[in-house]
Amino acid sequence: MDKFKMEVANEIGVPLTNGYNGNLTSAQNGSVGGYMVKKMIESYERQLAGK
C-alpha cells in the first residue's frame, strides 16, 4: 500500500516522502488519499466488468 501511495503522490505532484510529512498541507495529504480511493474503485469496476 505504501508503494501505491508513493506512486499516486508522484502522479498528482505531491512531494510525499517516507516518514514524517508534516510539511505538507491537509489538502495535499487528502488529495493523495482521495486519488488512491478513486483508482482502487476504478480498478474494482474494471474487474467486475471483465467477469
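As a starting point, this report considers the structure included with it. This is a predicted model, so every value here is computed, not measured.

### Thoughts on the overall build of the protein
Link 1 in the chain: Within the protein one finds 2 helices and 0 strands.
Link 2 in the chain: Relative to the 2.2 N^0.38 estimate, which gives 10 Å for 51 residues, the radius of gyration of the protein is 13 Å and therefore markedly larger than a compact globule would have.
Link 3 in the chain: With respect to the principal axes defined by its C-alpha atoms, the protein has extents near 45 × 20 × 15 Å.
Link 4 in the chain: Taking the intrachain contacts of the protein between residues at least 6 apart in sequence as the baseline, contacts between residues at least 24 apart amount to 41%.
Link 5 in the chain: Mean positive and mean negative side-chain charge positions of the protein (6 and 5 charges, respectively) differ by 3 Å.

### Some remarks on the pattern of salt bridges
Opposite charge on two side chains permits them to pair, given that their charged atoms come into close proximity.
Link 1 in the chain: Taken as a whole and assessed by the stated rule, the structure comprises 2 salt bridges.
Link 2 in the chain: A salt bridge links Lys5 to Asp2; the shortest N-O distance between them is 3.7 Å. One end of the pair is Lys5 and the other is Asp2, both in helix H1 (residues 2-12) and 3 residues apart, which spans about a single turn.
Link 3 in the chain: With a relative accessible area of 32%, Lys5 lands in the partly exposed category.
Link 4 in the chain: Of the residues examined, Asp2 reaches a relative accessible area of 53% and is grouped as exposed.
Link 5 in the chain: For Glu11, the salt bridge is made with Lys39, and the minimal N-O distance between the two is 3.1 Å. Taken together, the residues Glu11 in helix H1 and Lys39 in helix H2 (residues 26-50) connect sequence positions 28 residues apart.

Conventions adopted
- Residues numbered from 1 in each chain as written.
- Predicted model: local features only at pLDDT ≥ 70, side-chain atom pairs only at ≥ 80, totals over all residues.
- Heavy atoms only, no water.
- Helix = DSSP H or I, 4+ residues; strand = E, 2+ residues; numbered from the N terminus.
- Rg over C-alpha atoms; globule rule 2.2 N^0.38 Å.
- Contact = heavy atoms within 4.5 Å.
- Lys, Arg positive; Asp, Glu negative; His and termini not counted.
- Charge placed at Lys NZ, Arg CZ, Asp CG, Glu CD.
- Salt bridge = Lys/Arg side-chain N within 4 Å of Asp/Glu carboxyl O.
- Buried < 20%, exposed > 50% of the residue type's maximum accessible area, 1.4 Å probe, protein only.

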